[in-house]
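Structure assessment
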Amino acid sequence: MANPGRPATSSPYPPFPPFLPEYFGREDESDDSNFYVQPRLVVHIDDVAIAAVGNVLRSLIPPDSVVLDLMSSWRSHWPSDHPRQRLAGLGMNAVEMEDNPDLDDYLVKDINKDPVLPYEDDTFDAVVITVSVQYLTRPIEVFREVNRILKPGGIFIVTFSNRMFPTKAVLIWRYSSDRRHIDLVAAYMEEAGDFDDIRGGFTNPETSPPGDPLFAVVGNKASG
C-alpha cells in the first residue's frame, strides 16, 4: 500500500492517544437501531474503490479462510475468484445481510451498545471492516474483541473512503483528514493491544481515474 501523501487538515483534536469520550460523540445520538432499520440496498463507494477492496482482500487473506465481515451490510465486495471456507456477517440490518450474496451466515447486533462479539476465542483467520469504521463509538473495545476472536497470526483489515453518513460518524473522524484517518485507525489497533505489524495506506491503483479514494489499515494478531 502506497503512502497516501495527503496533507493533514486543521483539527480541534490533539495527537492521539489518549482518547477522550467526547471524541466519539455524534451529531445524531439517537438510537442507531432506528437509523439502520430502513434497508439501504445501495453501494457506498464507486466501482474503482470496490475493486480496490477486492484486491486488498485477495492479496492479504489466504484462500479457504474463515472470515468475519464485521459491520456487514448489503455487499461484502468479496472477490469472486478467491475461495473461502466461510464468510460470516455481523451488522445492523437483517434485510441487507439476507440479500448479501457472499455471506454464509449472519447475526444482527449493535456493537456500539455492546462491543462483545458473539464468537468463541480464536475463531477467524481474518476479520474485515469495510467503509464503516467511522461509526464506531467504542472502537478500542471492539478492536480488542476482534483480536480475541482472531486466530493467532490472523489478520484484521479495515478499509475506508471519504464517504460517510455525517450525522452518525464520530466527531474525531469528521474533523480529521484522510492521512489522519489512517493514523487514527492504526492508533485504535495499538491501543487495543496484541496486534503486530500495523500498517496502512492508499490502495487505489495509480492509474485509476479520480473518484472515491480507498484506504486500508491492517494488523495481525500476535502469534504468541
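Below is a summary of the structure that appears in this document. (Residues numbered from 1 in each chain as written. Predicted model: local features only at pLDDT ≥ 70, side-chain atom pairs only at ≥ 80, totals over all residues. Heavy atoms only, no water.)

**Quick notes on the overall build of the chain**
Helix and strand counts for the chain stand at 6 helices and 7 strands. Of the regular secondary structure in the chain, the N- to C-terminal order runs α-α-β-β-α-β-β-α-β-α-α-β-β. Accessible surface, the chain: about 10,100 Å² in total, of which carbon and sulfur atoms supply 51%. (Helix = DSSP H or I, 4+ residues; strand = E, 2+ residues; numbered from the N terminus. Areas by Shrake-Rupley, 256 points an atom, 1.4 Å probe, with all protein chains shown as cover.)

**Description of the sheet that holds strand S5 (residues 150-160)**
Taken together, the 7 strands give an open sheet; going across it, the order is S3-S2-S1-S4-S5-S7-S6, and neighbouring strands pair in mixed fashion. Of all the strands in the sheet, the pair left with one neighbour each is strand S3 (105-108) and strand S6 (195-202). For this sheet the average axis-to-axis angle between neighbouring strands, irrespective of direction, equals 15°. Two strands pair when backbone bridges link them, and strand S1 (residues 65-72) and strand S4 (residues 124-130) are joined in this way by 4 bridges, in the parallel orientation. Residue pairing across strands places aspartate 69 opposite valine 128, the latter belonging to S4. The sheet strands contacting helix H6 (residues 178-192) are S5, S6 and strand S7 (215-221), and the helix crosses S7 at an angle near 15°. (Pairing = 2+ DSSP bridges. Axes fitted to C-alpha atoms, helices over the stretch in contact; angles between N-to-C directions. Contact = heavy atoms within 4.5 Å.)

**What to know about the packing of aromatic side chains**
The final tally for this structure, using the stated rule, is 10 aromatic pairs. Taking 6.2 Å as the distance between ring centres and 45° as the angle between the ring planes, the aromatic pair formed by phenylalanine 24 and tyrosine 188 counts as tilted. Taken as a pair, phenylalanine 24 in the segment before helix H1 (32-35) and tyrosine 188 in helix H6 lie far apart in primary sequence, 164 residues in all. Accessibility assignment for this pair places phenylalanine 24 and tyrosine 188 in one class, buried. Measuring from centroid to centroid gives 4.8 Å for phenylalanine 143 and phenylalanine 156, while their planes differ by 80°, and the two rings are edge-to-face. Within this pair, whereas phenylalanine 143 is found in helix H4 (residues 139-149), its partner phenylalanine 156 is found in strand S5, the two being separated by 13 residues in sequence. Look at phenylalanine 156 and you get buried, because its relative accessible area is 0%. Site record: aromatic cluster; members linked through ring pairs are Phe19, Phe24, Phe143, Phe156, Tyr188 and Phe195. Against the face of tryptophan 74 rests arginine 75, its NZ or CZ located 3.8 Å from the ring centre. (Phe/Tyr/Trp six-rings, centres within 6.5 Å; stacked < 30°, edge-to-face > 60°. Buried < 20%, exposed > 50% of the residue type's maximum accessible area, 1.4 Å probe, protein only. Lys NZ or Arg CZ within 6 Å of the ring centre and 35° of its normal.)

**Side note on unusual backbone geometry**
Notably, histidine 77 is not glycine yet its phi reads approximately 60°, a positive angle. Judged by its relative accessible area of 14%, histidine 77 is buried. One non-glycine residue with positive phi stands out, namely valine 131, at about 45°. In this structure, valine 131 sits in the loop between S4 and H4. We classify valine 131 as buried; its relative accessible area is 17%.

**Some details on H4**
Among the 11 residues of H4, 8 are classified as buried, and the element is accordingly described as predominantly covered. Inspection of H4 places Pro139, Ile140, Val142, Phe143, Glu145, Val146, Asn147 and Ile149 among the buried residues, and these make up the whole buried set. Looking at the buried residues of H4, the elements they touch are S1, S4, S5, H6, S6 and S7.

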